[in-house]
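Overview (structure and organization)
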Amino acid sequence: MNKTIALAWRYTPILLLALAWEAITQFGLISEYALPTFTSVLVSFGDLFFEELLPHTAQSVARGFTALVVAIVVGMTAGILMAWYKPIRIVVNPFIQMFYPLPKSALIPLTIMWLGLGDVSKISLIFIGCLLPVVVSAFNAARGVENVLVWSARGLGATEREVLREVVVPAALPEVLNGIRVALALAFILMVTGELIIANNGIGFLINFLGDGGDYKGMFAGVIMITAVGFCADRLYLMGMRRILIWRE
Amino acid sequence: MARTSTADSRAASALPRAEGPSIGARLFDTFGPFIVIGSLVVAWEIAAQRQLVIPFLLPAFSTVVMKIVDDVTTGAFFMNAGLTLYRTAIAFTLAAVSGVVVGILMARVVSFRWFFDPLVSVGLPSPKVALLPVFMLWFGLFDLSKILLVAFSACFQIIITTWHGTRGVEKELIWSARSLGANERQLLWEIVVPAALPQILTGLQIAMPVCLIVILVTEMAMGGGGLGDAMLVNARYVRSPGVFAGIIEIGSVGFCVIKSMEWVRRRLLVWHQETQREETTF
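Residues numbered from 1 in each chain as written. Chains lettered and ligands numbered in written order. Predicted model: local features only at pLDDT ≥ 70, side-chain atom pairs only at ≥ 80, totals over all residues.

What chain B contains, in helices and strands, is 12 helices and zero strands. The helix and strand sequence of chain B, counted from the amino end, reads α-α-α-α-α-α-α-α-α-α-α-α. In chain B, the share of contacts with a sequence separation of at least 24, taken over all contacts with a separation of at least 6, comes to 70%. (Helix = DSSP H or I, 4+ residues; strand = E, 2+ residues; numbered from the N terminus. Contact = placed C-beta atoms within 7 Å.)

Quick look at the structure:
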């Protein structure tokens, strides 16, 4: 019970902000064309939820999730192998140095030219964006693994593969998981970005479409939807991360 | 027996400091990256010249270079890069100042923390670019809306790292300063800010790529000049050399921005142990 109250107290400022929004618009301090009342946005949210918001968000999230999972698998493998085998490092490192400072949104026109408007082009954009934080964190983490751990495992007769699987990966995990959290946030940015520029479905497209059509209530409902999804994804990820790292405490 | 010997050689290769590399290996270490990039460029040029790929999808590297030279000599590159950098600089400064101020206040004032904590924890993971149509509606199509959206996208990261950095300052430092007679203002400027500086700079370094991503998107969506706008125009008119040139131009600008931030970090943290340590990061 105490926990519930603490949680409610923690999120009271958001309620206050919503109340302020409602008050400002009800008293006509801001034109309703610039900012519809909060209650009308909520009504619009309810109206659009099953017809528009949910399917579009589901499409976006499915693309983002696919890209993120592929990026995690490829990125962790590449990062750890780079840290472990020098030839791989020398070959892969230049690509990373080249792509790391490139703002990934610059690739939107290219992904459209090469892969069209469908899912593949959006998934590859998110994939490239998420890949680098994962590779870099996996590389740094695997290089930072204490030599003593590696030596002990070898001394106990572990093969090279066992050392990687049983020592390097678990020891690198905390830092990699932090890198993946950065990638998660980037996935959301690129997911919406790609859809804002050119798309025919997805939540970014929906927000843009409703805004262009002058349905500002719907547009704000869309923004609330994607904010909520982003927040939930982050919280879920943090919960999962704590579970995975439970052995550390 | 054979297994042990391979394990030994692997052990040596995993410890770069212990091995004495041959001249060939050392040459490969130095020139390897250039060979990799060089062969990639050559493969690209050959594939395009032989028309293994439709020229529209992959224009020859030389064509792209010509386009870049053209952009540079006509000054179009400098104008667009200047516009993009000018917007980014203002937005980044705005985000940095507001983020650091809010972050420090959150660490030091309880009511501030209570109010901003939930807002930041909701705001940080949500994709702020989704507000692009809202910012267009509120602030128009010109620089103001672009700058504000970029600043808004970047400030949450700065707030949270500043807050965590300031909160993590060792109590002993603060107590010693107090007992030596420091007042609150001195405490803040002489102890808290320098001690939290590494974390604050990390926050700024994470925020900058986000700024660059978002500024390009706003330029693509709203126009008004800049590298993002130029690139999207090229894509619309199906001028693929322009698109590739744009990627290379934007990449070089991003490279310069990010490297100069690393340089600033080293300068500001000369006194810090991380600068003296051997570099393990990229």
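The next thing to look at is unusual backbone geometry. Residues and elements named next belong to chain B. The residue Gln51 is not glycine, and still its phi comes out positive at about 60°. Along the chain, Gln51 falls in the loop between helix 2 (23–49) and helix 3 (61–74). Residue Gln51 is classed as exposed on the basis of its 10 C-beta neighbours within 10 Å. Located in the positive-phi region is Val238, a residue other than glycine, with phi close to 55°. Locating Val238 in the fold gives a position in the loop between helix 10 (227–236) and helix 11 (240–268). (Buried ≥ 20, exposed ≤ 12 C-beta atoms within 10 Å, placed from the backbone.)

Our next topic: the domain arrangement of chain A. Residue and element names in this part refer to chain A. By the assigned domains, chain A splits into domain 1 (1–35) and domain 2 (37–248). Placing a centre on the C-alpha atoms of domain 1 and another on those of domain 2 gives a separation of 31 Å. In this complex, domain 1 contributes seven residues to the contact, which on the side of domain 2 involves four residues. Looking at the side of domain 1 that touches domain 2 residue by residue, the classes come out as three nonpolar, two polar and two charged. (Domains from an automatic or database assignment. Nonpolar A, V, L, I, M, F, W, Y, C, P; charged D, E, K, R; others polar.)

Within the largest apolar cluster, 128 residues are counted, with the highest numbers of intra-cluster contacts made by Cys130 and Ala187 of chain A together with Cys211 of chain B. Those residues within four positions of Ala187 of chain A in sequence are excluded, and the remaining contacts are Gly64, Ala67, Leu68, Ile126, Gly129 and Cys130 of chain A. (Core = buried A, V, L, I, M, F, W, Y, C linked by C-beta atoms within 7 Å.)

Residues and elements named next belong to chain B. Summing up the model confidence of chain B, the mean pLDDT is 85 and the portion of residues at 70 or higher is 89%. The least confident element of chain B, judged by mean pLDDT, is helix 1 (residues 2–13) at 41; the most confident is helix 4 (residues 76–108) at 94. Every residue in residues 1–18 is under pLDDT 50, and counting partners more than four places away or in other chains gives 10 contacts. Model confidence for the complex is summarised by a pTM of 0.86, with the ipTM given as 0.88. (pLDDT = per-residue confidence, 0-100.)

What follows concerns the interface of chain A and chain B. In this assembly, 54 residues from chain A lie in contact with 52 residues from chain B. Within the residue set of the side of chain A that touches chain B, elements represented by two or more residues are helix 2 (12–26), helix 4 (86–99), helix 5 (108–115), helix 6 (119–144), helix 7 (147–155), helix 8 (160–197), helix 9 (203–212) and helix 10 (216–244) of chain A. Tallied by class, the residues present in the side of chain A that touches chain B amount to 36 nonpolar, 11 polar and seven charged.

A word on the packing of helix 9 of chain A against helix 10 of chain A. Packed helix pairs are specified by the crossing angle of their axes together with the interaxial distance, meaning the distance between the axes. Residue and element names in this part refer to chain A. At a minimum axis distance of 7 Å, the contact between helix 9 and helix 10 shows a crossing angle of 160°. If you check the angle between helix 9 and helix 10, you find them roughly antiparallel. In the crossing of helix 9 with helix 10, the sense of the turn from one axis to the other is left-handed. Residues Ile203, Leu206, Ile207, Leu210 and Gly211 of helix 9 form the contact with helix 10, whose participating residues are Tyr216, Gly218, Met219, Gly222, Val223, Met225 and Ile226. Counted by class, the contact of helix 9 with helix 10 contains nine nonpolar, three polar and no charged residues. (Axes fitted to C-alpha atoms, helices over the stretch in contact; angles between N-to-C directions. Parallel < 35°, antiparallel > 145°, perpendicular 65-115°, else oblique. Left-handed = near helix turned anticlockwise from the far one by under 90°.)

Taken domain by domain, chain B holds domain 1 (20–58) and domain 2 (64–276). When each unit is reduced to the centre of its C-alpha atoms, the spacing between domain 1 of chain B and domain 2 of chain B is 34 Å.

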